[in-house]
Amino acid sequence: MTTELTARHYDAVTAAWRLVMGEAFHYGIFTPAEAADPVAHLQRAAVRLNESLLAAAAPLPTGARVLDVGCGIGGPARWLAHTAQVQVRGLSNSPTGIATAQAITDVPGVDFVVADATANGQPDAAFDLVWVMESSHLMPDKPGLLRECARVLRPGGRLVLCDLLLHRPFELSDVFALRSELKCLDRAFGRAKMEPISAYAGWAEAAGLVVEATADWTVQTRPTLVAWAANARAHSVELYDLIGESGVDDLARACAILLDFWDQGRMGYGMLRAGKPA
Ligand code: SAH
């Protein structure tokens, strides 16, 4: 594809995801009351994921330096800078994502760089907090991610990470039986590899960090999938123009597949917090 075509494709996917997910391209944390009507409360719940990860990062002093690893188009970075009065550098391997983030961000103390999370080019000990929100599942080299996070943290600094997790490993027989489902997830959401929280904890410790807390947010995030599937159906006509009929089918089916995996205890969502010894 030419650059222009790639950009057009990205614009279409972004527009489609906006219809399905709203303005935040990550899961929500729903209260039990909100879970009764996931579509109505999707935006509030998506903000609550930011709030929940910020709470896990506390205390975070005003003016702290934060590195947002896998920053998308900068939504959480802008929110963090505004809410916690901190400086945020957003980092992602997507040049289009970073160009979009730069174009739509006008917040003092926020900037963006294109870099790979496993060789991020940032100086040693430069950040008080490293924030990894729903990007680690897309990174094949997770030990490398954790090493880079540890390297750029100042002594006494902290890492917080939240993401989709693997709760029960897939046996080879499962992989064969679920071939079509796994391919659909790959087409709809991109190449991903989920791991258990214990694996993240091990990589954090191996990188010299001390794991301070983990949390399981599987139940609280589940309504997200209900809302995305409902939005995909509700907006199917507009979505056809953006990502085609097969794209819409994949998206709706992928939400249903993940919902099954959530309910079968195969997959879920969680958080890890780790500190770099002072
Ligand atoms: N954290 C954001 C975006 C999540 S989408 C939010 O919550 O809204 C996942 C992001 O991870 C995208 O920006 C993608 O470009 C980025 N990403 C995936 N693999 C990466 C890698 N190896 N290095 C840096 N960024 C990566």
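It should be emphasised that the depicted structure is a prediction, and the values quoted were computed from it without experimental measurement.

Student: How should I be thinking about the overall build of the protein chain in this particular structure?
Tutor: Secondary structure assignment for the protein chain yields ten helices and seven strands. Relative to its length of 278 residues, the protein chain is compact, with a C-alpha radius of gyration of 18 Å against a globular reference of 19 Å. Looking at the protein chain alone, contacts between residues at least 24 apart form 75% of all its contacts between residues at least 6 apart. Side chains of the protein chain give 24 positive and 31 negative charges; the mean places of these two sets differ by 4 Å.

Student: Can you walk me through the state of the cysteines in this structure?
Tutor: Each disulfide is one covalent bond, formed between the sulfur atoms of two cysteines. Scanning all chains against the criterion turns up zero disulfides. Here Cys 162 is not disulfide-linked; the sulfur of Cys 149 is the nearest cysteine sulfur, at 13 Å. Given a relative accessible area of 0%, Cys 162 falls into the buried group. Between Cys 184, a free cysteine, and Cys 255, which holds the nearest cysteine sulfur, the sulfur-to-sulfur gap is 9.1 Å.

Student: Would you mind showing me how to read the packing of helix α7 (residues 179–189) against helix α10 (residues 236–263) here?
Tutor: Packed helix pairs are specified by the crossing angle of their axes together with the interaxial distance, meaning the distance between the axes. Close contact between α7 and α10 brings their axes to 9 Å; oriented N to C, the two are set at 125 degrees. Comparing their axes, α10 and α7 come out oblique. Helix-helix and strand crossings are classified by hand; for α7 and α10 the assignment is left-handed. Where α7 approaches α10, its residues Ser 180, Glu 181, Leu 182, Cys 184, Leu 185, Arg 187, Ala 188 and Phe 189 are matched on the opposing element by Asp 250, Leu 251, Arg 253, Ala 254, Cys 255, Ile 257, Leu 258 and Phe 261. The class makeup of the residues in the contact of α7 with α10 is eleven nonpolar, one polar and four charged.

Student: What is the right way to read the packing of helix α9 (residues 218–234) against α10 from this model?
Tutor: Packing of α9 against α10 brings their axes to within 8 Å, and their N-to-C directions diverge by 150 degrees. Taken as axis vectors, α9 and α10 run roughly antiparallel relative to one another. Crossing handedness for the pair α9 and α10: left-handed. Contacts from Thr 218, Thr 221, Arg 222, Leu 225, Val 226, Trp 228, Ala 229, Asn 231, Ala 232, Arg 233 and Ala 234 of α9 reach α10 at Ser 236, Glu 238, Leu 239, Val 248, Ala 252, Cys 255, Leu 258, Leu 259, Trp 262 and Asp 263.

Student: Hey, could you run me through the pattern of salt bridges in this one?
Tutor: Pairing between side chains of opposite charge can happen when their charged atoms approach one another. One pass over the full model with this rule turns up 14 salt bridges. The shortest N-O distance in the salt bridge between Asp 186 and Arg 191 comes to 2.6 Å. Given a relative accessible area of 63%, Arg 191 falls into the exposed group. We note a salt bridge from Arg 273 to Glu 212, for which the minimum N-O separation is 2.8 Å. Highlighted residues: Arg 273 in strand β7 (residues 267–275) and Glu 212 in strand β6 (residues 210–216), separated in sequence by 61 residues.

Student: Even after reading the chapter, I still don't get unusual backbone geometry, so can you show me in this structure?
Tutor: The phi angle of most residues is negative, glycine excepted, and most peptide bonds adopt the trans form. Omega for the bond connecting Ala 58 with Pro 59 falls within 30 degrees of zero, at 0 degrees, which places this linkage in the cis form. On the secondary structure map, Pro 59 appears in the loop between α2 (38–57) and β1 (65–69). The phi angle at Gln 85 is positive, at roughly 55 degrees, despite the residue not being glycine. Relative to the helices and strands, Gln 85 is located in the loop between α3 (75–84) and β2 (87–92). Taking the relative accessible area as the measure of exposure, Gln 85 reaches 47% and is therefore partly exposed. You will see that Glu 134, though not glycine, has its phi angle at about 55 degrees, which is positive. For Glu 134, the position within the fold is in the loop between β4 (127–133) and α5 (142–152).

Student: Explain the sheet that holds strand β5 (residues 153–166) to me, please; I cannot follow it from the model alone.
Tutor: Two pairing modes exist for strands in a sheet, parallel and antiparallel, and in both the strands are linked by backbone hydrogen bonds. What the seven strands build is an open sheet, ordered β3-β2-β1-β4-β5-β7-β6; its pairing is mixed. Edge positions in the open sheet fall to β3 (110–114) and β6, since each of these has one partner strand only. The average undirected angle you get between the axes of adjacent strands in this sheet is 15 degrees. Relative to β3, β2 runs parallel, the two sharing five bridges.

Student: Any chance you could explain the side chain of Ser 92 here in plain terms?
Tutor: Take Ser 92: it is sitting in strand β2. Reaching out from Ser 92, the side chain makes a polar contact with the backbone nitrogen of Ser 94 at a distance of 2.9 Å. Residues contacting Ser 92, with those up to four places away along its chain left out, are Cys 71, Gly 72, Ile 98, Val 113, Val 114 and Ala 115.

The rules behind the values
Residues numbered from 1 in each chain as written. Predicted model: local features only at pLDDT ≥ 70, side-chain atom pairs only at ≥ 80, totals over all residues. Heavy atoms only, no water. Helix = DSSP H or I, 4+ residues; strand = E, 2+ residues; numbered from the N terminus. Rg over C-alpha atoms; globule rule 2.2 N^0.38 Å. Contact = heavy atoms within 4.5 Å. Lys, Arg positive; Asp, Glu negative; His and termini not counted. Charge placed at Lys NZ, Arg CZ, Asp CG, Glu CD. Disulfide = S-S within 2.5 Å. Buried < 20%, exposed > 50% of the residue type's maximum accessible area, 1.4 Å probe, protein only. Axes fitted to C-alpha atoms, helices over the stretch in contact; angles between N-to-C directions. Parallel < 35°, antiparallel > 145°, perpendicular 65-115°, else oblique. Left-handed = near helix turned anticlockwise from the far one by under 90°. Nonpolar A, V, L, I, M, F, W, Y, C, P; charged D, E, K, R; others polar. Salt bridge = Lys/Arg side-chain N within 4 Å of Asp/Glu carboxyl O. Pairing = 2+ DSSP bridges. Polar contact = N/O pair within 3.5 Å; in protein donor to acceptor, adjacent residues only side chain to side chain.

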